[in-house]
Amino acid sequence: MGPQHPSTHGVLRLVLELEGETVTEARTVIGYLHTGIEKNLEFRNWTQGTTFVTRMDYLAPIFNETGYCMAVEKLLGIEDQITDRARTIRILMMELNRIASHLVWLATTGMELGALSMMIYGFREREYILDIFEMITGLRMNMAYVRPGGVSQDVTEEALVKIRELLGWMPDRIDMYEDLLSGNTIWRERTQGVAVLDVTGCLALGITGPVLRSAGLGWDIRKQQPYGGYETYDFEVPTESTADAWGRYQVRLNEMRQSLRIVQQAMDRLEPGPIMIADKKIAWPAQLAVGGDGLGNSLEYVAKIMGQSMEALIHHFKLVTEGFRVPPGQVYVPIEAPRGELGVHAISDGGTRPFRVHYREPSFVNLQAIPAMAEGGLLADVIVGGASLDPVMGGCDR
């Protein structure tokens with residue numbers, strides 16, 4: 001089955017052995033989308049790396065960027081210099097991205113199980129969030145918006161208005177999805193008691209995120225090992241005890257509600273201030289602004305470095321072409337992405353490029369669960385089990 005099958009979420013190939021409609025053996029075959037992102041990072045400077053990593057899990061680009069930048073900042077020893085506004089914007093963007101990611105899961109899973117309306121509604125609401133991302137970053141996806149030292153540019157007032165509108169009507173939309181699906185006989189029969197993986201199985205396989213929380217263990221890195229200021233936000237970690245596809249559906253719905261809570265709090269505490277670290281040796285690219293041609297350096301800044309200060313021009317040239325040096329060392333930074341623990345293991349040899357960056361990618365780890373979920377079940381339930389993991393092959397095959 002696959003890798004071209006629409007239900008294999010990208011380019012996953014499943015080798016299934018059947019006895020009638022019953023699966024006797026399942027093997028996952030990955031690697032069809034191998035982009036070589038981790039290897040490419042070794043040939044770019046530390047700031048350029050964010051342009052690559054954002055394309056890994058392309059449904060959760062802000063998480064890929066934030067994890068990477070936090071690792072670089074930890075190597076530089078500048079975590080405590082990140083401004084309050086930059087931290088708040090990162091959390092605001094991550095939680096909007098979490099909602100957008102879960103909406104794609106709900107839309108595609110709905111389509112696979114026959115709830116076609118859910119596909120339309122899920123993408124309709126996600127489109128609105130991508131419009132917000134475009135207003136803030138200039139791009140809808142793969143924005144390279146989070147940079148070592150802060151974020152590339154400030155949130156516009158126009159985008160804040162749009163976020164407030166989203167906060168106004170989105171809770172009702174989530175209730176609507178629940179009304180549409182939760183009482184539906186077909187939806188219940190296709191998800192309840194299907195693709196069961198209990199907490200012991202999750203822990204044995206290293207499964208994290210909504211799949212683990214649907215088995216009853218409320219492990220969420222935002223609560224257990226807070227980062228980036230999450231410890232100052234008030235939110236709950238949704239769990240279920242069913243350990244099946246139904247439980248994962250419930251967990252993701254409730255996570256969207258909690259993300260809206262966090263977005264509201266981030267909006268309330270968004271105080272004016274700098275969005276990039278004060279150290280000009282790291283803050284690259286400097287003083288960005290959206291011009292008529294999209295993303296670029298502000299005209300005043302270009303006029304200054306070109307016409308008034310040779311030192312500023314030399315510094316800008318060195319910073320952009322060569323990049324800053326990062327002290328030798330290695331770090332591991334985990335964050336809670338929509339699919340589970342996204343960990344960044346970054347190693348520096350003291351140069352202007354990473355020596356090695358390796359991602360602990362939740363899609364890759366969680367795919368191990370497919371044989372445990374599928375074997376002994378029906379062929380149709382392989383679709384449900386695979387979908388309930390929410391794998392993104394861009395993250396898996398990085």
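Everything below is about the structure shown above.
Description of the structure in this document. Not measured: the values here are computed from a predicted model.

**Topic: the pairing of strand S2 (residues 22–29)**
Within a regular strand, side chains alternate between the sheet's two faces. Pairing analysis gives seven bridges linking strand S1 (residues 13–19) to S2, with the strands arranged antiparallel. Bridge pairing in S2 links glutamate 17 to glutamate 25. Once S1 ends, the chain turns through two residues before running back antiparallel as S2, passing glycine 20 with a positive phi of about 70 degrees.

**Some words on the environment of proline 3**
Along the chain, proline 3 falls in the segment before S1. Linking proline 3 and valine 29, residues 26 residues apart in sequence, is a C-alpha distance of 8.7 Å. Residues in contact with proline 3, not counting those within four places in the same chain, are Thr8, Gly10, Val11, Leu12, Arg13 and Tyr32.

**Examining the sheet that holds strand S7 (residues 329–337)**
Taking strand neighbours across the sheet as the criterion, the three strands line up as S7-S8-S9 in an open arrangement whose pairing is antiparallel. At either end of the open sheet lies a strand with only one pairing partner, and these are S7 and strand S9 (356–360). Strand-to-strand twist of the sheet, defined as the mean angle between neighbouring strand axes without regard to direction, takes the value 15 degrees. Pairing of S7 with strand S8 (residues 340–348) involves nine bridges; the strand directions are antiparallel. From the neighbouring strand, valine 333 faces S8, where its bridge partner is valine 344.

**Brief notes about the packing of aromatic side chains**
Evaluated as defined, the whole model comprises six aromatic pairs. Ring centres of tyrosine 128 and tryptophan 169 lie 4.9 Å apart, and the angle between their planes is 80 degrees; on these two criteria the pair is classed as edge-to-face. Within this pair, whereas tyrosine 128 is found in helix H5 (residues 116–137), its partner tryptophan 169 is found in helix H6 (residues 157–181), the two being separated by 41 residues in sequence. Look at tryptophan 169 and you get partly exposed, because its relative accessible area is 22%. With a centroid separation of 6.2 Å and an interplanar angle of 65 degrees, the aromatic rings of tyrosine 230 and phenylalanine 235 are classed as edge-to-face. Among the residues examined, tyrosine 230 registers a relative accessible area of 1% and is labelled buried. Every member of this aromatic cluster is reached through a ring pair, and the members are Tyr227, Tyr230, Tyr233 and Phe235. Taking the ring centre of tyrosine 128 as reference, the NZ or CZ of lysine 162 above it sits at 3.9 Å. Across the ring face of tryptophan 105, the terminal group of arginine 252 is positioned such that the distance to the ring centre comes to 4.5 Å.

Reading the values: rules and limits
- Residues numbered from 1 in each chain as written.
- Predicted model: local features only at pLDDT ≥ 70, side-chain atom pairs only at ≥ 80, totals over all residues.
- Heavy atoms only, no water.
- Pairing = 2+ DSSP bridges.
- Helix = DSSP H or I, 4+ residues; strand = E, 2+ residues; numbered from the N terminus.
- Contact = heavy atoms within 4.5 Å.
- Axes fitted to C-alpha atoms, helices over the stretch in contact; angles between N-to-C directions.
- Phe/Tyr/Trp six-rings, centres within 6.5 Å; stacked < 30°, edge-to-face > 60°.
- Buried < 20%, exposed > 50% of the residue type's maximum accessible area, 1.4 Å probe, protein only.
- Lys NZ or Arg CZ within 6 Å of the ring centre and 35° of its normal.

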